[in-house]
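Observations on the model geometry
Residue-level listing of the chains:
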Amino acid sequence: MKKMIRYTSDRKYANVIKDLNRKYNERFFNLNNRNVAGYDVANKVWFFDENIVDYNDYLRYARFTPEQLKYLRHFSTNLTNLFQEIDSKIDFQNFNTRYKFEGDVYSVYKSDTTTVIYLTDSVKGTEKLRVVYYKPFHDDLENTRILVTGSLSIYKGHGEIQLLADAIYVTRKKTKYQQQIDTWYDEIYKMDISPEYKQYSFSNIRYMGVISNNKTGKGYHDFKSILKNTNYIIKERFTTLTAENIAKEIKELYETESVDCICIIRGGGNKYDLLDFNNPLLIKTMYDSGLFIFTAIGHTSDNLICNKFANYNASTPTALAMHFKRLQYAEVNKQKENELLLAKNDNNKLQEIIQTLHLENERLKRKINDLIDENENLNEQLKKSKKGFFSKLFG
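My aim in this report is to walk through the structure given alongside it, one point at a time. None of the values given here were measured: they were computed from a predicted structure.

Looking at the overall build of the protein
Each helix and strand in the protein was counted, giving 10 helices and 14 strands. Put simply, the protein has 395 residues, and 41% of those count as buried. In the protein, 66% of the contacts between residues at least 6 apart in sequence involve partners at least 24 apart.

Here is the structure:
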């Protein structure tokens with residue numbers, strides 16, 4: 001058996017320890033086809049693999065020796081402590097000391113021979129540890145929480161601390177980022193609000209409030225350029241795009257400005273950069289405004305809660321501007337169609353009048369012809385009557 005942490009315990013904790021062991025073995029057995037925690041019957045001691053198991057789970061029940069505790073506390077330094085107490089926690093004179101860290105995969109880069117991971121244990125990804133594993137790692141590491149073990153070194157040329165990993169384990173736990181998203185979904189559910197998709201056209205979103213983070217950024221520049229020669233009237237607001245700031249700007253726009261809709265615009269970024277766009281404070285403010293809401297945040301792959309509560313979500317600021325431009329064209333074309341239809345209707349009415357007059361003219365012609373025939377008959381009868389009269393008079 002691989003060397004592991006071996007310890008004893010009071011008999012009364014046996015069931016608790018067995019339950020902990022079972023959970024770890026169910027989660028990690030398939031990684032190496034062996035138990036990572038258990039009981040050594042021959043030597044009557046418990047054991048676990050310190051590379052995988054979090055010793056803190058066993059701390060209340062196990063009898064660790066002082067040397068074991070010192071080693072485990074040093075070996076299992078978490079990322080927060082690593083960055084906060086780097087001088088006291090890390091022995092720069094002895095980089096061969098092994099460490100274990102658990103964290104969320106912030107980003108990963110793979111080649112045929114090497115896997116480089118940036119590991120974070122922060123919801124917003126503010127502190128990251130570079131992890132280098134000189135082997136290919138074929139599992140998908142996106143949106144995962146992992147355990148890594150290895151020794152620390154300095155990333156030459158950058159002065160950055162890195163972990164040279166000798167093992168990587170996928171924990172199957174939810175990332176701290178995902179835990180935060182789930183918590184916010186629960187909060188929004190308790191608010192008893194849901195997306196409302198209202199119909200809109202150019203005429204009822206012409207006056208728009210736009211909230212963005214960078215007036216000179218390419219995304220907003222493209223947005224403004226596309227709408228330059230349209231009939232939209234834009235009220236601009238620029239701020240750092242935190243949930244609190246966006247909510248504040250939305251309130252000010254619908255309380256002090258006569259806007260029909262609000263556009264929230266931001267260029268690309270990773271999911272940690274865009275975390276605030278899932279905040280219940282922002283979602284509730286969007287909902288309470290009663291305005292049409294349009295979003296163009298990040299990229300199409302970003303699954304943000306605010307996008308679900310928007311009337312329309314575009315993949316980029318450029319795509320949103322093109323959507324608005326098409327709406328105006330549709331309105332203009334509709335007006336032209338109405339004008340043509342009106343003219344056509346007027347022409348149809350004129351044709352009806354002409355047709356009526358034509359029919360009346362034909363009727364009058366027939367009447368005249370009838371009167372002419374009748375007049376000729378009368379004349380003929382008059383001639384006959386005259387001839388008979390003179391015959392009787394001189395006959």
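And the narrative resumes.
A look at the layout of surface pockets
Here the idea is plain: a probe the size of a water molecule rolls over the atoms and shows the empty space left. Counted as a void, the largest pocket has a volume near 500 Å³. In terms of lining, the largest pocket is formed by 28 residues, of which the most central are Asn143, Tyr177, Gln178, Lys271 and Asn303. Listed by contribution, the elements that provide at least two residues to the lining of the largest pocket are strand 5 (98-110) and helix 5 (176-190). When residues of the lining of the largest pocket are assigned to their parent elements, the largest contribution, 4 residues, is made by helix 5. Here the residues of the lining of the largest pocket sort into 10 nonpolar, 11 polar and 7 charged.

Examining the sheet that holds strand 9 (residues 160-170)
Around the barrel, 5 strands lie side by side as 5-6-7-9-8; this closed barrel has mixed pairing. Pairs of neighbouring strands in the sheet enclose a mean axial angle of 55°, with direction left out of account. Lying on the sheet, helix 2 (residues 66-75) is in contact with strand 5 and strand 8 (145-155); it crosses strand 5 at an angle near 15°.

Regarding the packing of aromatic side chains
With the rule as written, the count across this model stands at 20 aromatic pairs. When the centroid spacing of 6.2 Å and the interplanar angle of 10° are considered together, the rings of Tyr99 and Phe101 count as stacked. Of the two residues examined, Tyr99 and Phe101, each falls in the buried class. Ring centres of Phe202 and Tyr232 lie 5.0 Å apart, and the angle between their planes is 80°; this geometry places the pair in the edge-to-face category. Separated by 30 residues along the polypeptide, Phe202 in the loop between helix 5 and strand 10 (207-212) and Tyr232 in the loop between helix 6 (218-226) and strand 11 (233-238) bring together distant segments of the chain. Comparing Phe202 with Tyr232, the two get one shared label, buried. Three or more aromatic residues joined by ring pairs make a cluster, and in this case those are Tyr200, Phe202, Tyr220, Phe223, Tyr232, Phe238, Phe292, Phe294 and Phe324. One cation-aromatic arrangement involves Lys198 over Phe292; the distance from NZ or CZ to the ring centre is 4.9 Å.

Things to note about the pairing of strand 8
Along strand 8, 9 of the 11 residues are buried, which leaves the element largely enclosed by surrounding structure. Bridge count for strand 5 against strand 8 is 7 bridges, and the pairing is antiparallel. Its bridge partner lying in strand 8, Tyr99 is registered against Gly150. Here strand 8 runs beside strand 9; their pairing, made up of 10 bridges, is antiparallel. Residue pairing in the sheet places Ser151 in a bridge with Leu164 of strand 9.

Rules and cut-offs
Residues numbered from 1 in each chain as written. Predicted model: local features only at pLDDT ≥ 70, side-chain atom pairs only at ≥ 80, totals over all residues. Heavy atoms only, no water. Helix = DSSP H or I, 4+ residues; strand = E, 2+ residues; numbered from the N terminus. Buried < 20%, exposed > 50% of the residue type's maximum accessible area, 1.4 Å probe, protein only. Contact = heavy atoms within 4.5 Å. 1 Å grid on protein atoms, 1.4 Å probe; cavity = no way out; pocket = protein on both sides within 12 Å on 5 of 7 lines; lining within 4 Å. Points joined across faces, edges and corners; volume = space filled by probe spheres on them. Nonpolar A, V, L, I, M, F, W, Y, C, P; charged D, E, K, R; others polar. Pairing = 2+ DSSP bridges. Axes fitted to C-alpha atoms, helices over the stretch in contact; angles between N-to-C directions. Phe/Tyr/Trp six-rings, centres within 6.5 Å; stacked < 30°, edge-to-face > 60°. Lys NZ or Arg CZ within 6 Å of the ring centre and 35° of its normal.

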